[in-house]
Structure formats: structure tokens, C-alpha cells
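Architecture and fold: a report
These are the residues of each chain, in order.
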Amino acid sequence: MSDTLIILGLESSCDDTAAAILRQTGDQAPEILSSIVHGQTELHAPFGGVVPEIAARAHAEKLDTCIKEALEASGTALADVDAIAVTAGPGLIGGVLSAVMCAKGLSAGLNIPMVGVNHLAGHALTPRLTDQVSFPYVMLLVSGGHCQFLMVHSPEEYTRLGGTIDDAPGEAFDKTARLLGLPQPGGPSVQAEALKGDPKAHRFPRPLLDRAGCDMSFSGLKTALLRARDAIIAEKGGLTVQDRADLCASFQAAVVDVLAEKTRRALATYLEENSAQPVLAVAGGVAANTAIRAGLETVCAEAGVTFTAPPLALCTDNAAMIAYAGIERYRAGARDDMSLSARPRWPLDQSAPAMLGSGKKGAKA
Ligand code: KG4
Ligand code: ZN
């Protein structure tokens, strides 16, 4: 029997419809043969956020095209696929259902196995796909829907060291952009403005730094920014270009400080037990922020921990990470059947208390 596994990954838990084909031979590093992502930004733009019903319908319409494109780009036929990996949660339920039902249909029709994958595990295991990182490592997941520190022990075993109790940083960047009339997604536009501003112009709060542990909060920061903006408008009748840049720079500096300090604490906990080849990996769209990356790199250098960030296309939502997490589960013997259910909430660390608040994907997990 051939030891080569060709796996189709499917992802539809938020506002990206994605399909990917990965091939792994024996215990060699898997190859990404194709990774197709169709975003839905334009569909949701008029509403200022992801509309679950619109997302679900668009996923259902796009999934088959996406799979076809992934097969074509990889040079494989549907008949070559050995197994299917599908995001079964957490996320917007209508979207998650789209790919789960599609995977069930393909699995039954092709008579091949299927494995359900936790979307967060997809992000958390990506450093193993891209850099063959060994367990255990710390993952900081920072996106528009998530913000948490995870100690990754194995594909099935995670310890959540802390996370946001309200907004995710990406949401805070997006709201900041909205408050200042900058284009969406807010992260890149706020970052570009911040480059021209003074990070010390406003002293925004660094929430929860006075509290032990690694939990974070970002919603107060947005309120502070709103107050500062309104105070300037009340005083001068409007914002100058420099005012806007200063607000962005001061906001970003607060996010960097919070993430850096909480990372320092997460690493201290991790290093208490693991000092052999310590690694911190980041994933999620916010990991693209150069100031945040620089802050994290400094903290890692001080702690003697290797910093790694997968390429951006694999940091944001994609199906290659789902296919890879599927390979890890499949190789460990996991199989799902027609009873696989779509789960809106699915924390990786079942023993950790539920996170409050909900991001653009729904519950924070
Ligand atoms: O991981 P992602 O593509 O989607 C999910 O949220 O799942 O992350 C998107 C988020 C958006 O909120 C976007 O504003 C933020 O990542 N983002 C950034 C930057 N690029 C994207 N935030 C800060 N700085 C950036 N350069
Ligand atoms: Zn994600």
C-alpha cells in the first residue's frame, strides 16, 4: 500500500470559503499542492460586519467552485483524494454547516474517510506545517475573531493560558478605523496611519496589565479612542491628518504593550516546564502588524525563545491549515462519520472557563 496521503481540506467557518490539497509521504513534511481562498469582504461591506446568513449562502454557493479550483491547481483529480478534512467548528453555524455537509456528501460519494477539524487547531498546528515545530510550543492567536495564548502539547491537547475577555485585537483595529473614517479591514489602514503619528500623543489605557495572568481586554481601548477623538473635534471642530495619525499610533502602541506584556507572562509559565527548544508562534491576521511583530520578537529574544510566524497566507483563514490538522488527526487514527456535527462553540482547552464576548465568528471559544 502506498504511504502517500492526499487530503482535501475545506474551511467555511467565517467569511472565507477555502479548499486546499495537501500531500504527505510517510513522515516527510507535507506539501501544499494548492490552497484556494475566496473572501466575502465585498458582500458584507455594506453592513459593517459579517452577516451570518449572507456568509452561509455564499459558502454554499462557492464551495464546489473552490474545490474544483483546488483540484485543478494541484493537478489532482477527485478520484486521487484519500481523505477529507473539514472545519467542524467553532464559527458561524450556517457557514460551518456548509462545508460539513459538503464533506459528508463527498465522503459518502467517493467512499473515503473524513475527519472533522477544530478551526483553532488548524491555526495552532500551522507552525508544524510550515516550520516543523516540535511540541510543546506556545501559540498566540490574534485575529479579528480570536485572541488567546495556547500551550500546544499535541494535536489533541491544549492548555489555554489566557485570552481576551471582550474584543479581539483585529476587531479593535477595525473599529478604530471606522471611528476615524479609514478603510476596512482596519488593521492595515491603522498601521499605515500609525507610521506617520506620535505613539506618545495620547496615553491610552493598557487594560488588565494590573491583573495577574494572561487575560486581555481591548474594548476599553476603543472607548478611550472615541473620547480622545471627540475631545479633539470639540476643541478644534475636526481632526487634522496629523491628529488622525497620532490617534492611530497611540492606539497601536497600547495594543503592542498589552500583547508584549501578556506574551512575557505566557512565556514565563511555559518556560517553567519546558526549556529545551522553546518556541512562540503567532497566527491570525493581526500577526501581520509590523509593530506587534517587533514587540513580540523583542520579548522572545529577551526570554531566549524562538519566534516564528507562518507566511501571512497561512496565518489568516485558509484550508491548507485544516488539511494539515486533518493529516495529524488522520495519522493518529481519527475518523468521523455521518454523525459529525457542526459546532458553533468548541474550545480547544475544554477545562478552561468559557471566554466572554463574541467576535465576528460568534462565540470566542
Ligand atoms: O485572521 P483573519 O484574516 O480573520 C479572522 O479574523 O479570522 O484576521 C483579520 C483581522 C482583521 O480584523 C484585520 O483588521 C486584522 O486581522 N489585520 C491587522 C493587520 N492586517 C490584518 N491588524 C493589525 N495590523 C495589520 N497589519
Ligand atoms: Zn481563523
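Before reading further, recall that the structure is shown in the block above.
My aim in this report is to walk through the structure given alongside it, one point at a time. As a convention, each chain's residues are numbered from 1 in the sequence order in which they are written. Note on labels: chains are lettered from A, ligands numbered from 1, in written order. Note on the predicted model: pLDDT of at least 70 is required for a residue's local features to be given, and 80 or more for side-chain atom pairs to be given and counted; whole-chain, interface and lining totals, by contrast, use all residues. Side-chain measures here rest on the full set of heavy atoms in the structure, leaving out hydrogens and waters.

On the secondary structure map, Thr 76 appears in the loop between helix 2 (52-74) and strand 4 (83-89). Classification of Thr 76 as buried rests on a relative accessible area of 13%. The definition of a polar contact used here is a pair of N or O atoms within 3.5 Å, where within protein one atom must be able to donate a hydrogen and the other to accept one, and adjacent residues in sequence count solely through side-chain atom pairs. A distance of 2.5 Å separates the side chain of Thr 76 from the side chain of Ser 74, its partner in a polar contact. Any two residues whose heavy atoms approach within 4.5 Å are treated as being in contact. What Thr 76 contacts, discounting residues up to four positions off in sequence, is Ile 6, Ile 21, Leu 33 and Leu 71. Working definition: helices are DSSP H or I runs of at least four residues, strands are E runs of at least two. Numbering for both runs from the N terminus. Exposed residues in this analysis have more than 50% of their type's maximum accessible area, buried residues have under 20%, and partly exposed residues fall in between, with area computed by a 1.4 Å probe over protein chains only.

Coordinating N, O and S atoms are those within 2.8 Å of the metal (3.2 Å for Na, K and Ca), and as water is not part of the atoms, a site may appear to have fewer donors than expected. Within the protein, His 119 (NE2), His 123 (NE2) and Asp 317 (OD) serve as the donor atoms for the zinc ion (ligand 2), at 2.1 Å. Going along the chain, you hit the donors of the zinc ion (ligand 2) in the pattern H-x3-H-x193-D. Pair noted here: His 123 is in helix 4 (residues 119-131) and Asp 317 is in the loop between helix 10 (312-315) and helix 11 (320-331), with a separation of 194 residues, a long-range link. Look at Asp 317 and you get buried, because its relative accessible area is 13%.

So, about the packing of aromatic side chains. Each Phe, Tyr or Trp ring (for Trp, its six-membered ring) is paired with any other whose centre lies within 6.5 Å, and the angle between the two planes then decides the class: stacked below 30 degrees, edge-to-face above 60, tilted in between. Under the counting rule described, the total for this entry stands at two aromatic pairs. When the ring of Phe 135 is compared with that of Tyr 137, the centres are 6.0 Å apart and the planes differ by 10 degrees; the resulting orientation is stacked. The partly exposed category is assigned to Phe 135, whose relative accessible area is 26%. Seen from their ring centres, Phe 173 and Phe 251 are 5.0 Å apart, and the 85 degrees between their planes marks the pair as edge-to-face. Residue Phe 173 is located in helix 5 (residues 169-179), and its partner Phe 251 is located in helix 8 (residues 241-273); the two are separated by 78 residues in the primary sequence. With a relative accessible area of 2%, Phe 173 lands in the buried category. Looking at Phe 251, the relative accessible area reads 0%, which means it is buried. Of note, Arg 335 hangs over the ring of Tyr 330, and the distance from its end group to the ring centre comes to 3.7 Å. Whether a charge sits over a ring depends on NZ of Lys or CZ of Arg being within 6 Å of the ring centre and within 35 degrees of the ring normal.

With that out of the way, let us pick up the pattern of salt bridges. Salt bridge, as used here, is a side-chain nitrogen of Lys or Arg placed within 4 Å of a carboxyl oxygen of Asp or Glu. Under the criterion given, the structure shown has 15 salt bridges. Linking Arg 229 and Asp 230 is a salt bridge whose minimum nitrogen-to-oxygen distance equals 2.9 Å. Look at Arg 229 and you get buried, because its relative accessible area is 18%. The class for Asp 230 is partly exposed, based on a relative accessible area of 35%. Residues joined by salt bridges that share partners form a network here, namely Glu 261, Arg 264, Arg 265 and Glu 302.

This part is about the pairing of strand 8 (residues 157-163). Two faces, one strand: in a regular strand the side chains alternate between the faces of the sheet. The element strand 8 is extensively covered by neighbouring structure, given that five of its seven residues are classed as buried. By the bridge criterion, six bridges tie strand 7 (residues 147-154) to strand 8 in an arrangement that is antiparallel. Residue Leu 150 lies in a different strand from strand 8, and its bridge partner there is Arg 160. One requirement defines pairing of two strands: DSSP has to find at least two bridges between them. The turn joining strand 7 and strand 8, which pair antiparallel and follow one another in sequence, is formed by two residues.

Before going further, it helps to spend a moment on the site of ligand 1. Proximity criterion: a residue is near a molecule or strand once any of its heavy atoms comes within 4 Å of it. Gly 144, Asp 174, Gly 187, Gln 191 and Gly 285 are the nearest of the 20 residues found near ligand 1. Gly 285 has a polar backbone atom sitting 2.9 Å from an oxygen atom of ligand 1. The contact in question runs from a nitrogen atom of ligand 1 to an N or O atom on the side chain of Asn 289, over 3.0 Å. Each accessible area value is a Shrake-Rupley result obtained with a 1.4 Å probe; residue values ignore everything except the protein chains displayed when judging cover. Protein chains bury 90% of the 550 Å² of accessible surface belonging to ligand 1 in isolation. Of all the secondary-structure elements, those providing two or more residues to the shell around ligand 1 are helix 5 and helix 6 (186-194). Looking at the shell around ligand 1 element by element, the count peaks at four residues for helix 6. When its residues are assigned to classes, the shell around ligand 1 shows five nonpolar, 11 polar and four charged. Each residue gets one label: Ala, Val, Leu, Ile, Met, Phe, Trp, Tyr, Cys and Pro are nonpolar, Asp, Glu, Lys and Arg are charged, and the others, such as Gly, are polar.

Bear in mind that shape data such as this cannot, by itself, settle questions of function.
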